[in-house]
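# Secondary and tertiary structure notes
Okay, here's what each chain looks like letter by letter:
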Amino acid sequence: MGKTRSWKWMGIVALSAVLLTGCGKDANNGGSAGGSSSPSAGSEGSGGKTYRIGVAAQGLSHEFIKSLVESMQEKADELNVELLVMDSQDKIEDQLNQVDNLISQKVDAIILNAVDMVGSSPAVDKVKEAGIPLVETITFTKNENYDVFVGTDPEQSGVMMGEILADKLGGKGKVALLQGQIGHSAEITRGAGLQKALFDKYPDVKLVTQQTANWNRDEAMSITEDWLQRFPDLNAIAAQNDEMAMGALQAVEAAGRKDILVVGIDGISDALKAVKEGRLTATVLDNVTSEGKRAVEVAVGLIKGEKFNKKELVDYVPVNADNVDEYYKP
């Protein structure tokens, strides 16, 4: 992943959020779903109307979600699509209200990057009742009434993290887990993958503590500082995203604990750089750029009546010192 690009469109995002606040909920628009995927080209309907696609994003304070929306905007510009981006700031109620607002704006399609697996589920039925095509991306809801999910199988990333740690620890050691926001689909599924590949498979690897840092770097640093005092014989820290991994790494380095392994997930630029420098043990790359662009392509296709698989999945890639140069582009 390269350097973060200019966010010239963020002013438009903020303005859109203000304009949408307080709108009603009455809207109706057409959409479809089903069978096999095909790429979309062009973005204008009959009479030259430019498609308007609403995006309800989890939280733009996260580098990973910024990159997701950035890639969506890039594809939207390419297809001449108008993107209305809402920042839910990790708050379920805000996301539900923003989806209501997008429905009232009679957008042609909605892309939902769910804050919470269960809590964001009511938005799905509201969108479908309005007849609007719905794409979920990166995170998903328990309610599977959406048209298409574009993203990854998060459990796969937890499995890969577990395999990395099992190898580096030699099947023995004490591990602490930094969890994402509790109830988030990635927190649940990444945790399940790690449990399956590491703790269930290697009885001599012990989970000594776990705590949510809410995907946040500063929270993770503070929690890790406490852990280093409470668990002096800790061998490794597994972080469910790279922001938390980098916070943990800060605390570990400040304490001079070069013996502690730190592994993250996402493959953000900071983490890839730290792997390159030999500071971070590894990360598991999630190709967010491809996923964001594909989400917009699928949304346009659904508007046009094209058919897609229910889930379009991209594989994760474990990244360590051996292959980091393939992915880190300073």
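Residues numbered from 1 in each chain as written. Predicted model: local features only at pLDDT ≥ 70, side-chain atom pairs only at ≥ 80, totals over all residues. Heavy atoms only, no water.

This part takes up the packing of aromatic side chains. By the definition in use, this model includes one aromatic pair. For the ring pair Phe-140 and Phe-149, a centre distance of 5.6 Å and an interplane angle of 90° mean the geometry is edge-to-face. Residues Phe-140 and Phe-149 agree in their burial class; the two are buried. Geometry around Tyr-146 places Lys-310 over its ring, the cationic atom sitting 4.5 Å from the centre. (Phe/Tyr/Trp six-rings, centres within 6.5 Å; stacked < 30°, edge-to-face > 60°. Buried < 20%, exposed > 50% of the residue type's maximum accessible area, 1.4 Å probe, protein only. Lys NZ or Arg CZ within 6 Å of the ring centre and 35° of its normal.)

Generally speaking, soluble globular proteins have nonpolar side chains that are buried together. In this structure, Ile-53, Ile-111, Leu-178 and Ile-237 are the most contacted members of the largest nonpolar core, which totals 62 residues. With eight residues, helix α10 (residues 288-303) is the single largest residue contributor to this core. Leaving out residues up to four positions away in the same chain, Leu-178 has contacts with Gln-211, Ala-213, Ala-220, Ile-223, Thr-224, Trp-227, Ile-237, Ala-238, Ala-239, Gln-240, Met-244 and Ala-248. Residues Ala-56, Leu-96, Leu-102 and Leu-112 belong to the second largest nonpolar core, which totals 21 residues. (Core = buried A, V, L, I, M, F, W, Y, C linked by side-chain atoms within 4.5 Å. Helix = DSSP H or I, 4+ residues; strand = E, 2+ residues; numbered from the N terminus. Contact = heavy atoms within 4.5 Å.)

This part covers unusual backbone geometry. In the Ramachandran plot, Asp-90 falls in the positive-phi region, its phi being about 65° despite a non-glycine side chain. We note that Asp-266 has phi near 135°; this positive angle belongs to a residue other than glycine. With respect to the element layout, Asp-266 can be found in strand β9 (residues 261-266).

So, on to the sheet that holds strand β7 (residues 205-212). Read from one edge of the open sheet, six strands run β7-β6-β8-β9-β10-β12, paired in mixed fashion. Across the chains shown, the open sheet's two edge strands, defined by having one partner strand only, are β7 and β12 (317-319). Across this sheet, the average inter-strand angle for adjacent strands is 20°, counted without regard to direction. Note: strand β6 (residues 173-179) against β7, seven bridges, orientation parallel. When the sheet's bridge partners are listed, Lys-174 is paired in β7 with Lys-206. Against the sheet, helix α7 (residues 217-230) engages β6, β7 and β8 (236-239), with an angle of about 140° to β7. (Pairing = 2+ DSSP bridges. Axes fitted to C-alpha atoms, helices over the stretch in contact; angles between N-to-C directions.)

With that out of the way, let us pick up the confidence of the model for the protein chain. Per-residue confidence for the protein chain gives a mean pLDDT of 88; residues scoring 70 or more make up 85%. Scored below 50 in pLDDT, residues 1-42 makes 102 contacts in the model with residues more than four places away or belonging to other chains. (pLDDT = per-residue confidence, 0-100.)

What follows covers helix α3 (residues 92-104). Relative to the 18 Å expected for 13 residues at 1.5 Å per residue, α3 spans 19 Å between its end C-alpha atoms, a close match to the ideal helical length. Residues of α3 that are buried include every one of Gln-95, Leu-96, Gln-98, Val-99, Asp-100, Asn-101, Leu-102, Ile-103 and Ser-104, and no others. Directly after α3, the chain includes Lys-106, whose backbone phi takes a positive value near 55°. (Expected span 1.5 Å × (residues − 1).)

Before going further, it helps to examine the pattern of salt bridges. Applying the stated criterion to the full structure yields 19 salt bridges. A salt bridge links Glu-78 to Lys-75, with the shortest nitrogen-to-oxygen separation between them at 3.0 Å. You can see Glu-78 and its partner Lys-75 sitting in helix α2 (residues 63-78), three residues apart, about one turn around the helix. Given a relative accessible area of 55%, Glu-78 falls into the exposed group. Of the charged contacts in the structure, one is a salt bridge between Arg-279 and Glu-253, with a shortest N-O distance of 2.8 Å. Remark: Glu-253 occurs in helix α8 (residues 242-254) and Arg-279 occurs in the loop between α9 (269-276) and β10 (282-285); sequence separation between them is 26 residues. (Salt bridge = Lys/Arg side-chain N within 4 Å of Asp/Glu carboxyl O.)

Time to look at the environment of Asp-94. Here Asp-94 shows up in helix α3. Residues Asp-94 and Ala-56 lie 38 residues apart in sequence; the distance between their C-alpha atoms is 9.6 Å.

What follows covers the sheet that holds strand β11 (residues 311-313). What links the strands of a sheet is backbone hydrogen bonding, and the strands pair in either a parallel or an antiparallel sense. Taking strand neighbours across the sheet as the criterion, the six strands line up as β2-β1-β3-β4-β5-β11 in an open arrangement whose pairing is parallel. The open sheet is flanked by β2 (82-87) and β11, the only strands paired with a single partner. When strand polarity is set aside, the average angle formed by the axes of neighbouring strands in this sheet is 20°. Pairing between strand β4 (residues 134-137) and strand β5 (residues 148-151): three bridges, direction parallel. The residue bridging Glu-136 from the neighbouring strand is Phe-149, located in β5.

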